[in-house]
Amino acid sequence: MHRRGEEGMQKNRIDIITLGCSKNLVDSEKLMKQFSELGYKVCHDSDDVRGETVIINTCGFIGDAKEESVNMILQFAEAKALGRIKRLYVMGCLSERYMNELKGEIPEVDGYFGKFDWQAIITSLSGKYDESIAYKRVLTTPSHYAYLKISEGCNRMCAYCAIPIITGRYKSRTMESIVREAEYLVSGGVTELQLIAQDLTYYGTDIYGKPKLAELITRISDIEGLRWLRLHYAYPADFPYDILPVMASRPNICKYLDIALQHISDGVLSRMLRHVTKTGTYELISRIRREVPGIHLRTTLMVGFPGETDAEFEELMQFVKDARFERMGAFEYSEEEGTFSARHYKDDVPPEVKSERLQKIMALQEQISEEVNIAKTGQELLAVIDRVEGDYYVARTEYDSPEVDPELLIKRTSAELKTGEYYKVRITGAAPYELYGEAVL
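It should be emphasised that the depicted structure is a prediction, and the values quoted were computed from it without experimental measurement.

Asker: Looking at this structure, I do not really get the overall build of the protein. What am I missing?
Answerer: Helices and strands together make up the secondary structure of the protein, namely 14 helices and 20 strands. Computed over C-alpha atoms, the radius of gyration of the protein comes to 22 Å, within 12% of the 22 Å expected from 2.2 N^0.38 for 441 residues, which places it in the range of a compact globule. The buried share among the 441 residues of the protein stands at 55%. Residue pairs at least 24 apart in sequence account for 74% of intrachain contacts in the protein once pairs closer than 6 positions are excluded. Positive and negative side-chain charges of the protein, numbering 56 and 69 respectively, have mean locations separated by a distance of 4 Å.

Asker: In this structure, what is going on with the sheet that holds strand β19 (residues 422-431)? I would like to understand it.
Answerer: Across a sheet, paired strands are connected by hydrogen bonds in the backbone, their directions being either parallel or antiparallel. Strand order in the closed barrel made by the five strands is β16-β17-β18-β20-β19, with mixed pairing throughout. Within the sheet, the average angular offset between the axes of one strand and its neighbour, ignoring direction, is 50°. As paired elements, strand β18 (residues 407-411) and strand β20 (residues 434-439) share four bridges and run parallel to each other. Within β20, the residue paired with Leu 409 across the bridge is Tyr 436. Contacts between helix α14 (residues 351-374) and the sheet are confined to β19 and β20, with β19 contributing the most and set at about 130° to the helix.

Asker: Got a minute to help me understand unusual backbone geometry in this structure?
Answerer: Residues other than glycine predominantly adopt negative phi, and peptide bonds predominantly adopt the trans conformation. Unusually for a residue other than glycine, Asp 45 sits at a positive phi of about 50°. Tracing the backbone through its elements, the reader meets Asp 45 in the loop between β3 (41-44) and β4 (48-49).

Asker: Any chance you could explain the packing of helix α12 (residues 310-323) against α14 here in plain terms?
Answerer: Their axes nearest at 10 Å, the elements α12 and α14 cross at an angle of 15°. Considering their axes alone, α12 and α14 lie roughly parallel with respect to each other. The two elements α12 and α14 meet at a crossing, and its hand is right-handed. Facing α12, whose interface residues are Asp 310, Phe 313, Glu 314, Leu 316, Met 317, Val 320 and Lys 321, α14 presents Arg 357, Lys 360, Ile 361, Leu 364, Gln 365 and Ile 368. For the contact of α12 with α14, the residue count by class is seven nonpolar, one polar and five charged.

Asker: Would you take a moment to explain the side chain of Thr 281 for this structure?
Answerer: Within the secondary structure, Thr 281 sits in helix α11 (residues 278-291). A residue is classified by how much of its surface remains accessible, and Thr 281, at 3% relative accessible area, is buried. Sequence-distant contacts of Thr 281, that is, excluding residues within four places in its chain, are made with Leu 261, Ile 264, Val 276 and Phe 319.

Asker: I keep staring at the environment of Ile 121 and nothing clicks. Help me out?
Answerer: Structurally, Ile 121 can be placed in helix α4 (residues 120-124). Distance in space between the C-alpha atoms of Ile 121 and Lys 11 is 18 Å, their sequence separation being 110 residues.

Asker: Could you clarify how one ought to interpret the packing of α11 against α12 in this entry?
Answerer: Geometry of a packed helix pair, given as the angle between the helix axes and the separation of the axes. Packing of α11 against α12 leaves a shortest axis separation of 12 Å and a crossing angle of 15°. It follows that α11 is roughly parallel to α12 by the angle criterion. The chirality of how α11 crosses α12 is right-handed. Note on element contacts: α12 touches α11 through Glu 315, Gln 318, Phe 319, Asp 322 and Ala 323, opposite Lys 278, Thr 281, Tyr 282, Ile 285 and Arg 289. Split by residue class, the contact of α11 with α12 holds four nonpolar, two polar and four charged.

Asker: Looking at this structure, I do not really get the pattern of salt bridges. What am I missing?
Answerer: For side chains bearing opposite charge, pairing can occur when the charged atoms are close. All told, the structure shown has 36 salt bridges when counted by the stated rule. Between Lys 354 and Asp 347 there is a salt bridge; the shortest N-O distance is 2.9 Å. Through salt bridges that share partners, Glu 29, Lys 30, Arg 137, Arg 173 and Glu 181 make up one connected network.

Asker: Can you walk me through the pairing of strand β15 (residues 327-332) in this structure?
Answerer: Looking along a regular strand, one sees side chains alternate from face to face of the sheet. Across six bridges, the pairing between strand β14 (residues 296-303) and β15 is parallel. For Leu 301, the partnering residue across the bridge sits in β15 and is Ala 330.

Asker: Help me understand the nonpolar core, please; the structure alone is not making it clear to me.
Answerer: Inside soluble globular proteins, nonpolar side chains tend to come together where they are buried. Leu 193, Leu 195, Leu 216, Ile 217 and Ile 220 are the most contacted members of the largest nonpolar core, which totals 57 residues. Residues in contact with Ile 220, not counting those within four places in the same chain, are Leu 148, Ile 178, Val 179, Ala 182, Leu 193, Leu 195, Leu 226 and Leu 229. Counting 20 residues, the second-largest nonpolar core is a separate cluster that includes Met 72, Leu 94, Ile 106 and Tyr 112.

Asker: Teacher, can you tell me more about the sheet that holds β15 here?
Answerer: Strand order in the open sheet made by the six strands is β8-β11-β12-β13-β14-β15, with parallel pairing throughout. Among the strands making up the open sheet, the edge pair consists of β8 (145-149) and β15. Here the average twist between neighbouring strands, direction ignored, is 15°. Sitting on the sheet, helix α8 (residues 213-221) is in contact with β8, β11 (192-196), β12 (228-234) and β13 (253-259), with an inclination near 165° to β11. Relative to β15, α14 is tilted by about 175°, and along the sheet it contacts β14 and β15.

Asker: Is there a simple way to think about the environment of Thr 299 in this case?
Answerer: As for its position among the elements, Thr 299 is in strand β14. Accessibility expressed as a relative area gives 0% for Thr 299, which makes it buried. Linking Thr 299 and Glu 326, residues 27 residues apart in sequence, is a C-alpha distance of 8.8 Å. A distance of 3.0 Å separates a polar atom in the side chain of Thr 299 from the backbone nitrogen of Leu 261.

Asker: Looking at this model, I keep getting lost on helix α1 (residues 22-37). Mind explaining?
Answerer: Given 3.6 residues per turn, any residue in an α-helix points the same way as the ones three and four places further on. If you check α1, its first and last C-alpha atoms are 23 Å apart, about what 16 residues at 1.5 Å a residue would give, namely 22 Å. Of all 16 residues in α1, 14 are buried, a share of seventy percent or more. Of the residues flanking the end of α1, it is Gly 39, one or two places downstream, whose phi is positive at about 95°.

Asker: Help me out: how do you make sense of α14 in this one?
Answerer: In a regular helix each residue adds 1.5 Å, so 24 residues correspond to 34 Å; α14 covers 34 Å between its end C-alpha atoms and thus fits that length. Among the residues of α14, Lys 354, Arg 357, Leu 358, Ile 361, Leu 364, Gln 365, Ile 368, Ser 369, Val 372 and Asn 373 are the ones counted as buried. For α14, the secondary structure elements touched by its buried residues are β14, α12, β15, β19 and β20.

Each value, and the rule that gives it
- Residues numbered from 1 in each chain as written.
- Predicted model: local features only at pLDDT ≥ 70, side-chain atom pairs only at ≥ 80, totals over all residues.
- Heavy atoms only, no water.
- Helix = DSSP H or I, 4+ residues; strand = E, 2+ residues; numbered from the N terminus.
- Rg over C-alpha atoms; globule rule 2.2 N^0.38 Å.
- Buried < 20%, exposed > 50% of the residue type's maximum accessible area, 1.4 Å probe, protein only.
- Contact = heavy atoms within 4.5 Å.
- Lys, Arg positive; Asp, Glu negative; His and termini not counted.
- Charge placed at Lys NZ, Arg CZ, Asp CG, Glu CD.
- Pairing = 2+ DSSP bridges.
- Axes fitted to C-alpha atoms, helices over the stretch in contact; angles between N-to-C directions.
- Parallel < 35°, antiparallel > 145°, perpendicular 65-115°, else oblique.
- Left-handed = near helix turned anticlockwise from the far one by under 90°.
- Nonpolar A, V, L, I, M, F, W, Y, C, P; charged D, E, K, R; others polar.
- Salt bridge = Lys/Arg side-chain N within 4 Å of Asp/Glu carboxyl O.
- Core = buried A, V, L, I, M, F, W, Y, C linked by side-chain atoms within 4.5 Å.
- Polar contact = N/O pair within 3.5 Å; in protein donor to acceptor, adjacent residues only side chain to side chain.
- Expected span 1.5 Å × (residues − 1).

Written as structure tokens, this is what we have:
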């Protein structure tokens, strides 16, 4: 919850609140840079909002996210009515999709902007968007890592997903613009880049005529000073196998891949419009592990998709046992208006069955995660220190992405470790979602 400052507004201050994914965060960081260059004091996700202007970057992905975004808008619409802020702007995915509805329901907002026209907020505040610094950002993450967005939109049209409806078709950024931004971030002290897109694997196909992810990660990994490059959100269909030898041979490309597989049953995959099969998925995982030894795979699975039978769910459970994903999340199917699923399928798996299946599959994954982590005991791994918390340095290995993966806790002893620095750490203990270690100095 964001508290509104009770001691009066600060002139020339803008508070930006970001909801949703890291792709939204990148947009907020670029907007912050524009405003800071115009002389504004810009604060992000402050616990004590004091700016005359508040900008809310919304998420519209699933029901809970939409509700959170609407509640946040209402909270600050009330603050404006009470005179605690002067201006309120809304941008992002929710307003991209529901612009007219929001204008009618919450007219107190001074301006609604979508996912791709947020630059116009600057004009609304008597400034001008500066294209020459479009690649520059004010980081809201710890200074040693940043997210690097390589595209917008998605062409996959999975039956359950509203994202293509919100963001439109796939639009790759040019390789030159991405590399320039990466060089800028690394020159500013960033040593770890999280490469993000709705679908990394399609990168380049729309503007270069063929997938170019392998060339892109090669060029980024050539940047001097970059310690880790991590790949998020690959897609299993039309997988660009030419990235695997690059990942295997480049020491600063993390042995890590985030690839959402959703399900394994051919029946469910067909109804989901995933354009992959059970056999193809098993072969994909086998080849990735074979060509990039030691790789850690993160995936996301869905339970309770329309028509999912007990047998199909048990097939999914067996898949989790077989694949032994190092990192896995799961969620219940949620019907989203406008999607193929909402139009053509009945949401026929009872809520209690969805919940039971989710608990069951996550309990299985917790056991696998614990076994994976215990196997690391005694190993010496390179880790970066993210922050200090209580009696521990909180760190990550190359196998762990910020905020979603296990953390490595190092007891604070006489050895002083620095945030953002990399250290060899001996693993001394393990839990399902945590590792414990001591620095080897």
